[in-house]
Amino acid sequence: MSTIEGTRVPPATYDHLPPSAQAAHDAHSRVARITNMKRTLLHSVPAFEALMTWYPLRDTVRPFLGERLTTLFAHAVSSETDCLICSTFFRRLLLQSGEDPDRLLLDQWESAVVAFGRSLATTPHAVPDQVYRPVAERLSQEQIVALTAFGALMVATNVFNNALQVPLDEYLEPFRGSEARHG
C-alpha cells in the first residue's frame, strides 16, 4: 500500500471494521478489488454503498457507449477534476488496452462524449448547450439520464478522493500520468 502520510482519513483495516462494514467488504470483494478508496469509504457503510452504485451505473452506460467510450468518459471526468486515484485508474485501463491516454484518437462522437464528461466535472451547473446537444441528440432520454448520473457519481467519487486525500494504491503507481497532479 502507498504511504498514508497526508491522508485525512486512513483506509480502514479489515480487522478494525464493524461487522456491517466487513459484510459490505466481503460482498464487494467478490466482484471487484478493495482499494484504498473503498477501504476509506468503509468507515461509513452508507457512504460505501452510495458510491458503489457506480458499478450498476457503469453497467447501464456500457451497452450504449461501449467499453472504450465508457472508460474515456470516466477518464475525462476524473482528469478534469484532477483526481489522482480515478484518473490513474482509467489511465491504466486505457494503457492496458493499447491506448496512449496522452494522445487519444477520438472520432466526432467520442469527442462529444468526452467533452460532456469534462463539462460535468468543471461546469456541472451550466453544461453549455453546444456540449450537451451532440450527446443528447444521439441518446434516448433514458440514456442521457443514465450517462449524466454516471458522470455525476464519477465527480462525487473524485471529490471524495480529493477531499480526503485518499492515497494512491500501489498497483496504480506505474500508471501515473502528467494529468494526475496531486500526490
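Our structure's up above, just so we're on the same page.
Notes on the structure follow.

Criteria and thresholds
- Residues numbered from 1 in each chain as written.
- Predicted model: local features only at pLDDT ≥ 70, side-chain atom pairs only at ≥ 80, totals over all residues.
- Heavy atoms only, no water.
- Salt bridge = Lys/Arg side-chain N within 4 Å of Asp/Glu carboxyl O.
- Helix = DSSP H or I, 4+ residues; strand = E, 2+ residues; numbered from the N terminus.
- Buried < 20%, exposed > 50% of the residue type's maximum accessible area, 1.4 Å probe, protein only.
- Phe/Tyr/Trp six-rings, centres within 6.5 Å; stacked < 30°, edge-to-face > 60°.
- Lys NZ or Arg CZ within 6 Å of the ring centre and 35° of its normal.
- Expected span 1.5 Å × (residues − 1).
- Contact = heavy atoms within 4.5 Å.
- Core = buried A, V, L, I, M, F, W, Y, C linked by side-chain atoms within 4.5 Å.
- Axes fitted to C-alpha atoms, helices over the stretch in contact; angles between N-to-C directions.
- Left-handed = near helix turned anticlockwise from the far one by under 90°.

Per the stated rule, a full pass over the model turns up nine salt bridges. Between Arg 62 and Asp 59 there is a salt bridge, with the nearest N and O atoms lying 2.6 Å from each other. Linking Arg 62 with Asp 59, this pair stays in helix α4 (residues 54-65), spanning three residues, or about one helical turn. Looking at Arg 62, the relative accessible area reads 25%, which means it is partly exposed. Sharing partners across several salt bridges, the network here consists of Arg 58, Asp 59, Arg 62 and Glu 67.

The way to describe two aromatic rings as a pair is by their centre distance and the angle between their planes. Counted according to the given criterion, the structure contains seven aromatic pairs. Aromatic side chains Trp 54 and Tyr 55 sit 4.9 Å apart centroid to centroid with 85 degrees between the ring planes, which places their arrangement in the edge-to-face category. Both rings, one in Phe 89 and one in Phe 90, keep their centres 5.0 Å apart while their planes meet at 90 degrees; by these two values the pair is edge-to-face. Lying across the ring of Trp 109, Arg 138 places its NZ or CZ 4.2 Å from the centre.

Turning our attention to helix α5 (residues 67-80). Along its 14 residues, α5 runs 20 Å from first to last C-alpha, staying within 8% of the 20 Å computed at 1.5 Å per residue. Of all 14 residues that make up α5, eleven are buried, and the element is covered over most of its length. Inspection of α5 places Leu 69, Thr 70, Thr 71, Leu 72, Phe 73, Ala 74, His 75, Ala 76, Val 77, Ser 78 and Ser 79 among the buried residues, and these make up the whole buried set. Each element contacted by the buried residues of α5 is listed here: α4, α6 (84-96), α7 (108-122) and α9 (141-164). Asp 82, located one to two residues past α5, shows a positive phi value of around 60 degrees.

To continue, consider the environment of Leu 51. Assignment of secondary structure puts Leu 51 in helix α3 (residues 45-51). With near-sequence residues (within four places) excluded, Leu 51 lies in contact with Leu 41, Leu 153, Ala 156, Thr 157 and Phe 160.

What follows concerns the nonpolar core. Counting 50 residues, the largest nonpolar core has Phe 73, Phe 116, Val 135 and Leu 147 as its most contacted members. No other element matches α9, which puts eight residues into this core. Contacts of Leu 147, omitting those with residues within four sequence positions, involve Val 61, Phe 64, Leu 65, Phe 73, Phe 116, Val 135 and Leu 139.

Attention shifts here to the packing of α5 against α7. Taken N-terminus to C-terminus, the directions of α5 and α7 make an angle of 35 degrees; their axes are 8 Å apart at the nearest point. Helix-helix and strand crossings are classified by hand; for α5 and α7 the assignment is right-handed. Between α5 and α7, the contacting residues are Arg 68, Leu 69, Leu 72, Phe 73, Ala 76, Val 77, Ser 79 and Glu 80 on the first element and Trp 109, Glu 110, Val 113, Val 114, Phe 116, Gly 117, Arg 118, Leu 120, Ala 121 and Thr 122 on the second.

On the secondary structure map, Trp 54 appears in helix α4. Trp 54 sits 32 residues away from Cys 86 along the chain, and the two C-alpha atoms are 12 Å apart. The residues touching Trp 54, leaving out its near neighbours within four places in the chain, are Phe 90, Phe 150, Leu 153 and Met 154.

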